[in-house]
Amino acid sequence: AAGVIQSPRHLIKEKRETATLKCYPIPRHDTVYWYQQGPGQDPQFLISFYEKMQSDKGSIPDRFSAQQFSDYHSELNMSSLELGDSALYFCASSPPSGTAAYGYTFGSGTRLTVV
Amino acid sequence: AQKITQTQPGMFVQEKEAVTLDCTYDTSDQSYGLFWYKQPSSGEMIFLIYQGSYDEQNATEGRYSLNFQKARKSANLVISASQLGDSAMYFCAMREALYIIQGAQKLVFGQGTRLTINP
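Residues numbered from 1 in each chain as written. Chains lettered and ligands numbered in written order. Predicted model: local features only at pLDDT ≥ 70, side-chain atom pairs only at ≥ 80, totals over all residues. Heavy atoms only, no water.

Trainee: Before we go on, may I ask you to explain the interface of chain A and chain B in this structure?
Mentor: When the parts come together, some accessible area is lost, and that loss is often what is quoted as the size of the interface. Contact with chain A, which involves 24 residues of that partner, is made by 24 residues of chain B. When chain A packs against chain B, the two sides together hide about 2100 Å² of surface, and 58% of this comes from carbon and sulfur. If you look at where chain A meets chain B, you find 1 salt bridge. A salt bridge links Lys106(B) to Asp56(A), with the nearest nitrogen and oxygen atoms 3.3 Å apart. Where the side of chain A that touches chain B is concerned, the elements lending two or more residues are β4 (31-37), β5 (44-50), β6 (53-57) and β9 (87-94) of chain A. Examining the composition of the side of chain A that touches chain B, we find that 4 residues originate from one element, β4(A), more than from any other. (Contact = heavy atoms within 4.5 Å. Buried area = accessible area lost by both parts, 1.4 Å probe. Salt bridge = Lys/Arg side-chain N within 4 Å of Asp/Glu carboxyl O. Helix = DSSP H or I, 4+ residues; strand = E, 2+ residues; numbered from the N terminus.)

Trainee: Got a minute to help me understand the nonpolar core in this structure?
Mentor: Nonpolar side chains in soluble globular proteins generally cluster together in the buried interior. Within the largest apolar cluster, 25 residues are counted, with the highest numbers of intra-cluster contacts made by Tyr25(B), Trp36(B), Ile49(B), Leu77(B), Tyr90(B) and Leu115(B). Those elements that place two or more of their residues in this core are β2 (10-14), β3 (19-21), β5 (33-39), β6 (46-52), β8 (64-69), β9 (74-79), β10 (88-95) and β12 (113-118) of chain B. Ranked by residue count, the leading element in this core is β10(B), at 4 residues. If sequence neighbours within four positions are ignored, Tyr25(B) has contacts with Lys3(B), Ile4(B), Tyr32(B), Leu34(B), Phe68(B), Lys70(B), Lys73(B), Ser74(B), Ala75(B) and Met94(B). Leu21(A), Phe49(A), Leu81(A) and Tyr89(A) belong to the second-largest nonpolar core, a separate cluster that totals 22 residues. (Core = buried A, V, L, I, M, F, W, Y, C linked by side-chain atoms within 4.5 Å. Buried < 20%, exposed > 50% of the residue type's maximum accessible area, 1.4 Å probe, protein only.)

Trainee: Just to check I follow, could you spell out the pattern of salt bridges for this structure?
Mentor: Two side chains bearing opposite charge may form a pair once their charged atoms approach each other closely. Under the criterion given, the structure shown has 7 salt bridges over all chains. Asp85(A) is paired through a salt bridge with Arg63(A); the nearest N and O atoms lie 2.9 Å apart. Linking Asp85(A) in the loop between β8 (74-78) and β9 with Arg63(A) in the loop between β6 and β7 (64-68), this pair joins segments that are 22 residues apart in sequence. Among the residues examined, Asp85(A) registers a relative accessible area of 4% and is labelled buried. With its nearest N and O atoms 2.8 Å apart, the salt bridge here joins Asp86(B) to Arg63(B). Here Asp86(B), found in the loop between β9 and β10, pairs with Arg63(B), found in the loop between β7 (60-61) and β8; they are 23 residues apart in sequence, far enough to count as distant. Overall, Arg63(B) belongs to the partly exposed group, its relative accessible area being 22%. Overlapping salt bridges bring together Arg63(A), Glu82(A) and Asp85(A) as one network.

Trainee: Even after reading the chapter, I still don't get the state of the cysteines, so can you show me in this structure?
Mentor: Where two cysteines share a covalent bond between their sulfur atoms, that bond is called a disulfide. Residue and element names in this part refer to chain B. Tallying each qualifying case throughout the model produces 2 disulfides over all chains. Between the sulfur of Cys-23 and that of Cys-92 lies a disulfide, 2.0 Å long from S to S. In this structure the cystine formed by Cys-23 and Cys-92 twists about its S-S bond by roughly -60 degrees; its chirality is therefore left-handed. Note that Cys-23 is positioned in the loop between β3 and β4 (24-26) and Cys-92 in strand β10, a separation of 69 residues in sequence. (Disulfide = S-S within 2.5 Å.)

Trainee: Please clarify how unusual backbone geometry should be interpreted in this entry.
Mentor: Most peptide bonds take the trans configuration, and most residues that are not glycine carry a negative phi. The amide bond that connects Ser7(A) to the next residue, Pro8(A), takes the cis arrangement and shows omega of -10 degrees. Position of Pro8(A) among the secondary structure elements: in the loop between β1 (5-7) and β2 (10-13). One non-glycine residue, Glu51(A), adopts positive backbone phi at about 50 degrees. Its location among the elements puts Glu51(A) in the loop between β5 and β6. With a phi angle near 80 degrees, Lys16(B) is a residue other than glycine that sits in the positive phi range.

Trainee: What am I meant to see in the sheet that holds strand β3 (residues 19-24) of chain A here?
Mentor: Sheet strands associate in pairs through backbone hydrogen bonding, adopting either a parallel or an antiparallel arrangement. Residue and element names in this part refer to chain A. Strand order in the open sheet formed by 4 strands is β1-β3-β8-β7, with antiparallel pairing between adjacent strands. Each having just a single partner strand, β1 and β7 make up the two edges of the open sheet. Strand-to-strand, the axes of this sheet are offset by a mean angle of 15 degrees, without reference to chain direction. Where β1 meets β3, 3 bridges bridge the pair, whose relative direction is antiparallel. Following the sheet pairing, Ser-7 is matched in β3 by Lys-22. (Pairing = 2+ DSSP bridges. Axes fitted to C-alpha atoms, helices over the stretch in contact; angles between N-to-C directions.)

Right, dumping it as structure tokens:
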């Protein structure tokens, strides 16, 4: 079965650079969630999109932006990178509203290292 | 506001023993879902088990069961007959809704418990 695809798997950037993380949800999943997991930390919710519109917003820095495209894939854009942005970034997708109690499928994550 | 508490930062268990990972939660909602995820050292987040707040029976999935005590607001994960491959980080998480509706129901995670299975 198709899973949630995240690219790249690993990314190394220097301070003040920009990074773009991509997430391709499971086919027919209409919602995407982004989470940030720092070293030794629990995942923190950043932002979510439903039908290409932002549906919820968490602790996402102003330097970050995200969007969901017409094919439902999503991109997380991160500018002016800081050392503290080094983390594992997860994307999760969920099927159309109310169709499943479980709902979430996580990608394998993008490990971002800022040097 | 939601809150998930996992009070065991680390646990060490002998292979083949049963292990219970604790999770307590705080919500004023009546409808919510509770999840457990496993995160091995490779980093992926693997779904283990789900319990809805109105489910009267404890959820079970193979060697995993969820000891749901609603009045105490606890949702402990029980792993029977532990295996070396169970060594990983385990996260309890909650969604303040039974179903996802229009993408507004995020998961909130606890701090995690690192489980180590000794041979």
